[in-house]
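Descriptive analysis of the structure
Below are the chains, spelled out letter by letter.
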Amino acid sequence: MTLFLPVYRNHPYLIQYAMRALESHSVDVTFFYVPQIVQTLRYDALGYVERYILETAQFSQLFAHQIIWNMKANAYRDDDCQIVRIFFPRFLCVSLLLTTQPKPDPIKPTLDKVMAHMIDSFSEADREFYEREFTFFDEVTSISGKLKPLIKRSKPEKKQKIEEELRKIKVEVGVYLPSNPDGVVIGIDRKSGKPLQSHAKAPFMATFRIRKNKGNVEETEEMIEAGDADNKGVTQPNTIEIWQSAIFKVGDDCRQDVLALQMIAAFRGIFQSVGLDVYVFPYRVTATAPGCGVIDVLPNAISRDMLGREAVNGLYDYFVSKYGNEDSLRFQQARNNFVKSMAAYSVISFLLQFKDRHNGNIMIDDAGHILHIDFGFCFDIAPGGIKFERAPFKLTSEMVAVMGGSPDHQAFKWFEELCVKAFLASRQYSEKLSQIVLLMMDSGLPCFKPESVKHFKERFVLDKSEREAAEFMRGLIKRSYGSYSTGIYDQFQLLTNGIPY
């Protein structure tokens with residue numbers, strides 16, 4: 001896809017090669033790169049990318065839907081949205097979420113044209129599926145807009161309104177959540193509606209019953225293996241049913257989270273390819289319109305913030321209360337999971353420069369893994385433009401306590417070893433990872449500055465030998481451990497937002 005960038009000046013041989021390469025991959029692979037495919041339309045002077053999209057959409061409706069949602073999300077560069085009705089060819093009426101004060105992206109006319117051609121080319125069956133899916137999703141998303149007039153009301157009133165609206169939604173055959181295209185929605189927990197805290201917007205959470213093929217649930221089963229047994233219920237030999245909660249946002253640009261989680265998934269692929277036993281969980285986020293999106297909720301996980309509100313004194317105390325004393329097998333297994341996830345997220349946090357790492361954005365799952373969420377600040381931006389968090393990544397004394405309590409403990413040394421291995425493995429793929437970012441540079445995402453790709457590459461310290469790079473990572477761990485700025489930022493979040501630490 002990088003061969004479509006302006007630097008290659010539409011060289012006919014390069015473009016033909018790029019097209020053959022794109023077409024040689026299965027749609028399952030290209031699914032991963034939907035955000036980048038849409039962005040390459042900016043440079044598609046000869047129409048090759050448009051042709052690829054239209055042809056691929058003919059034999060994969062799921063690909064077509066993801067492309068359409070991503071096109072809608074990239075048509076404008078605003079957050080605040082309102083639902084309007086747009087008529088496409090053949091009188092098909094489609095709900096689009098547009099900004100109240102639209103600032104069209106320069107790519108918008110191209111996106112509108114490709115979207116119209118794609119929808120116009122659908123067969124009758126594909127068109128019916130498209131209408132069912134987008135109508136269903138619009139009905140769910142529109143609940144956020146109906147909550148806005150109640151923004152100052154009590155939580156019970158807002159919850160009642162969500163439940164009232166959920167009861168009106170009919171689940172048609174084959175519909176799915178955009179973030180879960182590998183499963184179909186077969187039911188809604190009508191009482192699961194929950195308003196989420198926001199000063200001016202109205203995000204909410206709801207829970208859906210989803211049926212998946214067994215081959216598509218490996219990640220989900222990892223997350224629920226320590227959870228309640230009622231979460232799973234096999235109804236057919238090759239299918240499994242799970243409850244999946246999702247957050248629906250209107251007025252928040254989710255595209256940055258999409259990119260961050262795409263990068264986390266790429267890192268996971270790198271770690272798996274070299275046989276490195278570390279753990280990350282790139283949960284799913286789909287941007288579906290300007291400032292709108294759906295976010296999967298991590299199953300069986302609790303934020304460090306919530307643990308603080310439940311008067312848990314520290315992570316170590318939580319692990320002891322949940323898994324038993326330090327010598328127990330369950331504690332040791334949970335500690336191992338904690339170390340493996342801490343190592344992976346620490347390296348990724350440094351390379352992608354995740355900021356705003358307060359305790360509301362750090363989760364612990366039932367198996368003991370640490371998980372990071374909410375990536376509104378990454379690469380070259382920080383909350384308020386002020387770099388409170390000067391440590392390479394978050395490594396607090398309570399995290400070290402779970403990993404043995406001191407840098408001399410075996411568990412902490414293992415953490416350090418895994419960090420070094422993850423960093424060295426990532427360096428081999430620095431160019432490919434940079435290309436994923438490079439293709440998004442003209443998207444208008446706030447995390448990017450002109451030098452973002454250059455800074456990203458510099459963090460891999462490619463000028464150093466492997467031994468020097470290993471020492472560099474050990475130095476980052478020392479700088480992060482007990483960083484003064486980390487403590488200051490946690491205190492700031494406690495004072496301003498009431499988030500315990």
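Here, every reference points to the structure presented above.
Described below are features of the structure shown in this document. (Residues numbered from 1 in each chain as written. Predicted model: local features only at pLDDT ≥ 70, side-chain atom pairs only at ≥ 80, totals over all residues. Heavy atoms only, no water.)

1. Let's talk about the nonpolar core
The test is simple: Think of a nonpolar core as a cluster: buried Ala, Val, Leu, Ile, Met, Phe, Trp, Tyr and Cys residues, connected wherever their side-chain atoms sit within 4.5 Å. We call a residue buried when its accessible area falls under 20% of the maximum for its residue type, exposed when it is over 50%, and partly exposed in between, using a 1.4 Å probe and counting protein chains only. Each helix corresponds to a stretch of at least 4 residues labelled H or I by DSSP, and each strand to a stretch of at least 2 residues labelled E; elements are numbered beginning at the N terminus. Working rule for contacts: check all heavy atoms of both residues, and any pair within 4.5 Å makes them a contact.
The biggest cluster of nonpolar side chains holds 85 residues, and the ones touching the most others in it are Phe-338, Leu-395 and Phe-415. The greatest single-element share of this core, amounting to 13 residues, is contributed by helix H13 (residues 329-352). Beyond its immediate sequence surroundings of up to four residues, Phe-415 is in contact with Val-339, Met-342, Ala-343, Ser-346, Phe-393, Leu-395, Met-403 and Ile-477. Grouped together as the second largest cluster of nonpolar side chains are 55 residues, Ile-53, Ala-64, Leu-150 and Phe-248 included.

2. A few points about helix H8 (residues 155-168)
Note the cut-off: By this rule, a helix spans an expected 1.5 Å times one less than how many residues it contains. In this description, one arc is meant: the one made by directions from the helix axis to the C-beta atoms.
Helix length check: H8 (14 residues) gives 20 Å between terminal C-alpha atoms against 20 Å at 1.5 Å per residue, within 8%. Along H8, the residues classified as buried are Lys-158, Ile-162, Glu-163, Glu-165 and Leu-166. Projected down its long axis, H8 carries its buried residues within an arc of 165°, all on one side. Exposed residues pointing more than 90 degrees away from the buried face of H8 are listed as Pro-156, Gln-160, Arg-167 and Lys-168.

3. Some details on helix H6 (residues 108-120)
Between its first and last C-alpha atoms H6 spans 18 Å; for 13 residues at 1.5 Å apiece the expected length is 18 Å, and the two agree. Among the residues of H6, those classed as buried are Lys-108, Leu-111, Val-114, Met-115, Ala-116, Met-118 and Ile-119.

4. Let's talk about the packing of aromatic side chains
This is how the line gets drawn: For this analysis, a ring pair means two rings from Phe, Tyr or Trp (six-membered ring only for Trp) whose centres lie within 6.5 Å, classed as stacked if their planes differ by under 30 degrees, edge-to-face if by over 60, and tilted for the remaining angles.
On inspection of all chains with the given rule, the structure shows 27 aromatic pairs. Grouping aromatic residues by their ring pairs yields a cluster made of Trp-69, Phe-122, Phe-129, Tyr-130, Phe-134, Phe-136, Phe-137, Tyr-176, Phe-204, Phe-208 and Phe-248.

5. A look at the pairing of strand S6 (residues 285-289)
Operational definition: Whether two strands pair depends on DSSP finding at least two bridges between them.
Counting buried positions along S6 gives 5 out of 5 residues, so the element sits mostly inside the fold. Pairing of S6 with strand S7 (residues 292-296) involves 4 bridges; the strand directions are antiparallel. Along S7, the bridge assignment pairs Thr-286 with Val-294. From the end of S6 to the start of S7, which pair antiparallel, there are 2 residues, and Gly-291 there has a positive phi angle of about 70°.

6. Describing the pattern of salt bridges
Applicable threshold: One speaks of a salt bridge when a side-chain nitrogen belonging to Lys or Arg is within 4 Å of a carboxyl oxygen belonging to Asp or Glu.
This model, assessed by the stated rule, comprises 24 salt bridges. Here Arg-51 ties to Glu-55 by a salt bridge, and the two come within 3.5 Å at their closest N and O atoms. Of this pair, Arg-51 and Glu-55 both sit in helix H4 (residues 48-59), 4 residues apart, which is roughly one turn of that helix. A residue is classified by how much of its surface remains accessible, and Arg-51, at 37% relative accessible area, is partly exposed. Between Lys-340 and Asp-277 there is a salt bridge, with its nearest N and O atoms 3.4 Å apart. Placement of the pair is Lys-340 in helix H13 and Asp-277 in the loop between helix H10 (255-273) and S6, with a sequence separation of 63 residues. Overall, the relative accessible area of 46% leaves Asp-277 in the partly exposed class. Taken together, the salt bridges that share partners define one network made up of Lys-146, Lys-161, Glu-164, Glu-165 and Lys-168.

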